[in-house]
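Here are the chains, one letter per residue:
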Amino acid sequence: MRRYLGAALLVAAAACAKKQQAPTVQTALVTRRDIIIDAQANGTIEPISIIEVKSKASGVITQMPVETGTQVNPGDLVVQIDTRDVQNRYNQAKAQLDAAEAKLAVAESDKKRNEEMYKARVITPQEYEQVAVNYENAKSGVVSAKANLDLAKQSLEDATVRAPTTGTIIDKTVSVGTVIASATGSVSGGTTIVKMADLKTVRIRALFNETDIGNVHPGQPANVTVDAYSDRRFGGTVEKIEPQAVVQQNVTMFPVLVNLENREGLLKPGMNG
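Below is a short write-up of the structure.

Each value, and the rule that gives it
- Residues numbered from 1 in each chain as written.
- Predicted model: local features only at pLDDT ≥ 70, side-chain atom pairs only at ≥ 80, totals over all residues.
- Heavy atoms only, no water.
- Pairing = 2+ DSSP bridges.
- Helix = DSSP H or I, 4+ residues; strand = E, 2+ residues; numbered from the N terminus.
- Phe/Tyr/Trp six-rings, centres within 6.5 Å; stacked < 30°, edge-to-face > 60°.
- Buried < 20%, exposed > 50% of the residue type's maximum accessible area, 1.4 Å probe, protein only.
- Lys NZ or Arg CZ within 6 Å of the ring centre and 35° of its normal.
- Expected span 1.5 Å × (residues − 1).
- Contact = heavy atoms within 4.5 Å.
- Salt bridge = Lys/Arg side-chain N within 4 Å of Asp/Glu carboxyl O.

1. Notes on the sheet that holds strand 9 (residues 192-197)
Okay, so step 1: Spatially, 2-9-7-4 is the arrangement adopted by the 4 strands of the open sheet, whose pairing is antiparallel. Every interior strand has two partners, whereas the edge strands, strand 2 (50-54) and strand 4 (71-72), have only one.
Okay, so step 2: Taken together, the 4 bridges between strand 7 (residues 167-172) and strand 9 define a ladder with antiparallel strand orientation. Bridging across to strand 9, D171 finds its partner in K195.

2. Focus: the packing of aromatic side chains
Okay, so step 1: As enumerated under the stated definition, the model contains 1 aromatic pair in all.
Okay, so step 2: Ring centres of Y229 and F234 lie 6.1 Å apart, and the angle between their planes is 70°; on these two criteria the pair is classed as edge-to-face.
Okay, so step 3: For Y229, a relative accessible area of 27% gives the class partly exposed.
Okay, so step 4: For the cation-ring pair, K111 lies above Y135, with the distance from its terminal atom to the ring centre recorded as 5.5 Å.

3. What about helix 3 (residues 125-158)?
Okay, so step 1: Along its 34 residues, helix 3 runs 50 Å from first to last C-alpha, staying within 8% of the 50 Å computed at 1.5 Å per residue.
Okay, so step 2: Listing the buried residues of helix 3 in full gives V131, Y135, A138, V142, A145, L149, A152, L156 and D158.
Okay, so step 3: Packing partners of the buried residues in helix 3 comprise helix 2 (84-119) and strand 6 (160-162).

4. Observations concerning the pattern of salt bridges
Pairs can form between side chains of opposite charge whenever their charged atoms are close.
Okay, so step 1: Under the defined criterion, the tally for this structure stands at 13 salt bridges.
Okay, so step 2: Among the salt bridges present, the one from K94 reaches D98, with a minimum N-O distance of 3.2 Å. One end of the pair is K94 and the other is D98, both in helix 2 and 4 residues apart, which spans about a single turn.
Okay, so step 3: Residue classification places K94 among the partly exposed positions, given a relative accessible area of 33%.
Okay, so step 4: Judged by relative accessible area, D98 falls into the partly exposed class, the value being 36%.
Okay, so step 5: A salt bridge links E264 to R232; the shortest N-O distance between them is 2.6 Å. Taken together, the positions of E264 in the segment after strand 14 (251-261) and R232 in strand 12 (residues 229-241) put the pair 32 residues apart, joining distant regions of the chain.
Okay, so step 6: A relative accessible area of 32% means that R232 is categorised as partly exposed.
Okay, so step 7: The network of salt bridges with common partners includes E46, R203, R205, E239, K240 and E242.

Next comes the structure, spelled out in structure tokens:
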């Protein structure tokens, strides 16, 4: 009896010890949630479209009120080129047009007089035909002079280079006093005056591993962080996936373009994200 009683007490003591050491289990209600599969990559912020501003006229820059970072609107002055040469050509073309119109007026009067004389049989048909030819030549001279004046006027207007669209000057390659070449009259394609881009919407070009590219599609939402604002996420949308792969250190990657709204102007071209 003592042996059995001792065994029973030992079993009871062991059971109490196990009951005291039982771990506490936290419980929660069963809910439905989304499983998010994401792909991460590094890239660089860049403008979506860069415009190279050139001039159709060549000459010396006399005014340039813009600098890198300047916000411009359509029609704002970017560069003023010395207009003395083109102004002289315009004045000459204008004088030639005035002379041609005066010559046409004389030829028209002469033609009317000779018509009356021809009807009265005072002059021969050959003389009348010569007068008619002179009148047509005078009309042709006016048309040619007007064309030359229009070209001279266009050249004068081309000496003033204005912003073609809204944007920010991101690069400036010339300054006041620089002699620039025409974009239409130079074999090299002319001098690039400034480069500008609309930075209200930018994009990041990121290289994604080919193992993740199957989960990336145009139109998907994307979150972008940059070193300058590490605690902030910029929301964007996948624009497209470049079809040509890029191989870096034997790893195949695909460039993915993500468009980002940049109304505050916080994202700068060249930032890493």
